[in-house]
Amino acid sequence: METLAMHISNGIINGPVAAVFAVIALAAMAFCVMRGRRDLDDRLAPMAGLVAAFIFAVQMLNFPIFTAGVSGHLLGGALAAMLVGPWVGALCVAVVLVVQALVFGDGGVAMLGLNITNMAVIGIAVAYLLIALLLRVLPRTPAGLAVTAFLSALVSVVVAAMGFVLQYQLGGTTDLGGNLAGLAGTMAVSHLLIGIGEGLITATTVVTVAKVRPDLVYALRALKPAVPASVPAVGGVR
């Protein structure tokens, strides 16, 4: 905890809680592998590589939040969910987290289960649920797609941050003196600001891709519109 590290560093959460979340993360990733194999094709596979590289780059921008071992940063979960879907998207984020921990020392290796649960499982799940809801009620125009991307990114970042608060309540190694609400408030406010930035980046990226190659946006292909067919869609996809 003496040096700034991305994600949760070793020693922030105790061993038993970290072990439980490691099992949860492993089970979730195994399920994503099974479901993701159905989606992978010549179009999705290279896009997954690009998404993973983009997420790796944006997560290098981090900001100290709680202690010297915890920082806030862009997640990229909503972007992954929109472009490559929830299953492959979760795998992309998990791979990025593993590489960062093992190669660059960003986040504790013993804390990988916690970090994967927060960012690859909770973040992706919340983002895709919002995407599925919003794309069924908003027109599939550039504006509608931008709103969908922005809101899903914003909310998913804040909810993923709250995952850390829950984990800390279960097994935090530092006594906060009953000030868990203060930790939750700090994490929420900080990640709300981060989420706004991530929402703008996600909206810009997704709309740009959709205008040029709408067939590369997983959410537009997989989620059927609930609006009349006469409403124009991004890139001509209805």
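For the structure itself, consult the block above.
The model shown is predicted, which means the values in this text are computed figures rather than measured ones.

Procedures and definitions
- Residues numbered from 1 in each chain as written.
- Predicted model: local features only at pLDDT ≥ 70, side-chain atom pairs only at ≥ 80, totals over all residues.
- Heavy atoms only, no water.
- Helix = DSSP H or I, 4+ residues; strand = E, 2+ residues; numbered from the N terminus.
- Buried < 20%, exposed > 50% of the residue type's maximum accessible area, 1.4 Å probe, protein only.
- Contact = heavy atoms within 4.5 Å.
- Areas by Shrake-Rupley, 256 points an atom, 1.4 Å probe, with all protein chains shown as cover.
- Axes fitted to C-alpha atoms, helices over the stretch in contact; angles between N-to-C directions.
- Parallel < 35°, antiparallel > 145°, perpendicular 65-115°, else oblique.
- Left-handed = near helix turned anticlockwise from the far one by under 90°.
- Nonpolar A, V, L, I, M, F, W, Y, C, P; charged D, E, K, R; others polar.
- 1 Å grid on protein atoms, 1.4 Å probe; cavity = no way out; pocket = protein on both sides within 12 Å on 5 of 7 lines; lining within 4 Å.
- Points joined across faces, edges and corners; volume = space filled by probe spheres on them.
- Expected span 1.5 Å × (residues − 1).

**Student:** Please provide a residue-by-residue account of the overall build of the protein chain, values included.
**Tutor:** In terms of helices and strands, the protein chain carries 8 helices and 2 strands. For the protein chain, the N- to C-terminal ordering of α and β elements is α-α-β-β-α-α-α-α-α-α. For the protein chain, the proportion of its 238 residues judged to be buried stands at 49%. A fraction of 79% describes how many contacts in the protein chain between residues 6 or more apart in sequence connect residues 24 or more apart. Total accessible area on the protein chain is roughly 10300 Å²; 71% of this is exposed by carbon and sulfur atoms.

**Student:** Please give an account of the packing of helix α1 (residues 15–39) against helix α5 (residues 112–137) that cites residues and values.
**Tutor:** Viewed as axis vectors pointing N to C, α1 and α5 meet at an angle of 45°, and their least axial separation amounts to 7 Å. One finds that α1 runs oblique with respect to α5. Here α1 runs over α5; the crossing is left-handed. Counted together, Val17, Ala18, Phe21, Ala22, Ile24, Ala25, Ala28 and Met29 of α1 and Gly113, Leu114, Ile116, Thr117, Ala120 and Val121 of α5 form the full contact between these two elements. Classifying every residue of the contact of α1 with α5 by side-chain character gives 12 nonpolar, 2 polar and no charged.

**Student:** I'd like a description of empty space enclosed by the protein, backed by residues and values.
**Tutor:** For the structure on display, the rule yields 2 cavities of 30 Å³ or more. As a volume, the second largest cavity reaches approximately 50 Å³. Lining the second largest cavity are Phe54, Val58, Leu74, Gly76, Leu79, Glu198, Ile201 and Thr202. For the lining of the second largest cavity, the elements supplying multiple residues, two or more each, are α2 (44–59) and α7 (180–212). A per-element tally of the lining of the second largest cavity places α7 first, with 3 residues. In terms of residue class, the lining of the second largest cavity is made up of 5 nonpolar, 2 polar and 1 charged.

**Student:** Tell me about helix α4 (residues 86–103), residues and numbers included.
**Tutor:** An ideal rise of 1.5 Å per residue puts 26 Å on 18 residues; α4 measures up with 25 Å between its terminal C-alpha atoms. Every buried residue of α4 is accounted for by Pro86, Val88, Gly89, Ala90, Cys92, Val93, Ala94, Val96, Leu97, Gln100 and Ala101. On its buried face, α4 is in contact with α1, α2, α3 (77–84), α5 and α8 (218–222). Note on α4: the residue one or two positions beyond its end, Gly105, has a positive phi of about 70°.

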